[in-house]
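A closer look at the structure
Single-letter residue listing:
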Amino acid sequence: MNRLLNIGFGNLVNASRIVAIVSPDSAPSKRIVQNARDCGMIIDATQGRRTRAVIIMSDDHIVLSALLPETIAARYQGKDTADQALQTEEDEEDD
């Protein structure tokens, strides 16, 4: 069975299909996002908030998240408890 990963605000992705989780600030990641937008391969899961992580999927889809890459990586590795996850989302909503 495929494991689903919470990428913030009730949005889930298939953890086994994640290739990379990167910051959106570099020029190459901005190009990746723009190319995906042009091709209709972007999934915006930010709920209108600032994009803090770009998740590259194995099927060439690009997922945008409002959570930090470190937060998503911790959840992927199973180190994030439910209480920490709720606190992280509340903290990031305040920014």
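Our subject in this report is the structure included herewith. (Residues numbered from 1 in each chain as written. Predicted model: local features only at pLDDT ≥ 70, side-chain atom pairs only at ≥ 80, totals over all residues. Heavy atoms only, no water.)

If you walk through the whole model with that rule in mind, you get zero aromatic pairs. Of note, Arg 3 hangs over the ring of Tyr 76, and the distance from its end group to the ring centre comes to 5.6 Å. Its guanidinium or amino end placed over the ring of Phe 9, Arg 49 lies 4.2 Å from that ring's centre, counting from NZ or CZ. (Phe/Tyr/Trp six-rings, centres within 6.5 Å; stacked < 30°, edge-to-face > 60°. Lys NZ or Arg CZ within 6 Å of the ring centre and 35° of its normal.)

With respect to topology, four strands assemble into an open sheet ordered β3-β5-β6-β4, the strand pairing being mixed. Bordering the open sheet on either side are β3 (18–22) and β4 (42–45), each of which pairs with just one other strand. Direction aside, neighbouring strands of the sheet carry axes that sit 20 degrees apart on average. Here four bridges tie β4 to strand β6 (residues 62–65), and the two strands are oriented parallel to one another. Counterpart to Asp 44 in the pairing with β6 is Leu 64. Seen against the sheet, helix α2 (residues 69–77) touches β3, β5 (53–57) and β6 and runs at an angle of roughly 145 degrees to β3. (Pairing = 2+ DSSP bridges. Helix = DSSP H or I, 4+ residues; strand = E, 2+ residues; numbered from the N terminus. Axes fitted to C-alpha atoms, helices over the stretch in contact; angles between N-to-C directions. Contact = heavy atoms within 4.5 Å.)

A word on α2. For α2, every residue scored as buried is listed here: Pro 69, Thr 71, Ile 72 and Arg 75. Buried positions in α2, seen along its axis, are confined to an arc of 165 degrees and lie on one side of it. α2 presents Glu 70 and Gln 77 as exposed residues on the side facing more than 90 degrees away from its buried surface. Backbone geometry just after α2 places Gly 78 at a positive phi near 80 degrees. (Buried < 20%, exposed > 50% of the residue type's maximum accessible area, 1.4 Å probe, protein only. Arc of directions from axis to C-beta.)

By the definition in use, this model includes one salt bridge. Here Arg 17 makes a salt bridge to Asp 59, at a shortest N to O gap of 4.0 Å. Within this pair, whereas Arg 17 is found in the loop between β2 (11–14) and β3, its partner Asp 59 is found in the loop between β5 and β6, the two being separated by 42 residues in sequence. Relative accessible area serves as the criterion here: at 34%, Arg 17 is assigned to the partly exposed category. (Salt bridge = Lys/Arg side-chain N within 4 Å of Asp/Glu carboxyl O.)

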